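This is what each chain is made of:
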Amino acid sequence: MPEPLTLLADSFIGRHLEVTLEKRDGDTAWMRLQIWNSSLDFRRDDPTKDDVINLYDVRFDKARRLLFRGKMNGSYPLITIGLNPAVPAEDKKAFIRVVVVDSFGYLADASVDYTLENDNYAALFKFLLDCDFPDIEASVIRNEKAVVKAGFSGAMSGADKR
């Protein structure tokens, strides 16, 4: 198993994150997520949020997408992380897109982009490859689209459409 990985990232809305990932057995992992709101300095202030999330049913397509369920505040949302490398010709930094759906009461459902320095992006990609998580299967991808669609329309309408 690969050594745990700690990454620093910044959201496009000014939040700073420190994320530590650790591979567990099979298709499970562990993540510590520390978040500093834009009004705080991560070098001297305590984080606004400091959570440990157990990840299960982790799948990775070995190219651009990580898919898993996480236990968060009594719910088990589906989380998709899209990996987007830097595009120097277009002056775009590497970033990840985190999409959370099906959280308790849809309270944590969101889609947020986080920029990564190129070396952090490369380290994350290598870590995920080294973890050798199971591939995303066609049925999982179909289910993901259905869950994403139902999760977001349910969140917008206030009704659970499953």
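Since we're looking at a predicted model, the values are computed, not measured. In this numbering scheme, every chain counts its residues from 1 along its sequence in written order. Side-chain atom pairs in this predicted model are given and counted only at pLDDT of 80 or more, local residue features only at pLDDT of at least 70, and totals for whole chains, interfaces and linings cover all residues. Only heavy atoms go into the side-chain values, all of them from the structure, while hydrogens and water stay out.

A. Local environment of the pairing of strand β8 (residues 110-116). Relative to β8, strand β1 (residues 5-11) runs antiparallel, the two being bridged by 2 bridges. Each residue of the ladder has a partner; that of Ser11, found in β8, is Tyr114. Judged from the 7 bridges that link them, strand β7 (residues 94-101) and β8 form a sheet pairing that is antiparallel. Paired with Ile96 across the two strands is Tyr114, which belongs to β8. At least two DSSP bridges between two strands are needed for those strands to be called paired. By definition, any uninterrupted DSSP run of H or I lasting at least four residues is a helix, any uninterrupted run of E lasting at least two residues is a strand, and each is numbered from the N terminus.

B. The sheet that holds strand β2 (residues 16-23), seen in detail. The sheet built from 8 strands closes into a barrel, its strands ordered β1-β2-β3-β4-β5-β6-β7-β8 with antiparallel pairing. Strand-to-strand twist across the sheet, computed as the mean angle between neighbouring axes with direction ignored, equals 35°. Helix α1 (residues 118-131) contacts β1, β2, β4 (49-60), β5 (65-70), β6 (78-84), β7 and β8 of the sheet and is inclined by roughly 135° relative to β1. Note on geometry: axes are lines fitted to C-alpha atoms, helical ones only across the stretch in contact, with angles between N-to-C directions running from 0 to 180 degrees. Note on definitions: a residue-residue contact is assigned when non-hydrogen atoms from the two residues lie within 4.5 Å.

C. Quick look at the pattern of salt bridges. Salt bridge, as used here: a side-chain nitrogen of Lys or Arg that lies within 4 Å of a carboxyl oxygen of Asp or Glu. The tally for this structure, following the rule as stated, stands at 11 salt bridges. The partner of Glu90 in a salt bridge is Lys92, and the shortest N-O contact between them spans 3.3 Å. Relative accessibility under 20% of the residue-type maximum defines a buried residue, over 50% an exposed one, and the middle range a partly exposed one, all with a 1.4 Å probe and only protein chains included. Its relative accessible area of 46% is what places Lys92 among the partly exposed residues. Between Lys93 and Glu117 there is a salt bridge, with the nearest N and O atoms lying 3.0 Å from each other. Here the residue Lys93 occupies a position in the loop between β6 and β7, and Glu117 occupies one in the loop between β8 and α1, the gap between them amounting to 24 residues.

D. Seen up close, the side chain of Asp41. One can find Asp41 in the loop between β3 (29-36) and β4. Residue Asp41 is classed as buried on the basis of its relative accessible area, which comes to 16%. We define a polar contact as two N or O atoms separated by no more than 3.5 Å, with the added condition that, inside protein, one atom must be a possible hydrogen donor and the other a possible acceptor, whereas residues neighbouring each other in sequence contribute only through side-chain atom pairs. In terms of polar contacts, Asp41 uses its side chain to reach the backbone amide nitrogen of Arg43, at 2.9 Å.

E. Examining the packing of aromatic side chains more closely. The aromatic pairing rule takes the rings of Phe, Tyr and Trp, using the six-membered ring of Trp, and pairs them if the centres are within 6.5 Å, calling planes under 30 degrees apart stacked, those over 60 edge-to-face and the rest tilted. For the structure on display, the rule yields 3 aromatic pairs. Residues Trp36 and Phe42 carry aromatic rings whose centres are separated by 6.2 Å and whose planes lie at 65° to one another, so their mutual orientation is edge-to-face. Among the residues examined, Phe42 registers a relative accessible area of 31% and is labelled partly exposed. With centroids separated by 6.0 Å and ring planes inclined at 75°, the aromatic side chains of Phe60 and Phe125 adopt a geometry described as edge-to-face. Here Phe60 is found in strand β4, whereas its partner Phe125 is found in helix α1, with 65 residues between them in sequence. For Phe125, a relative accessible area of 23% corresponds to the partly exposed category.

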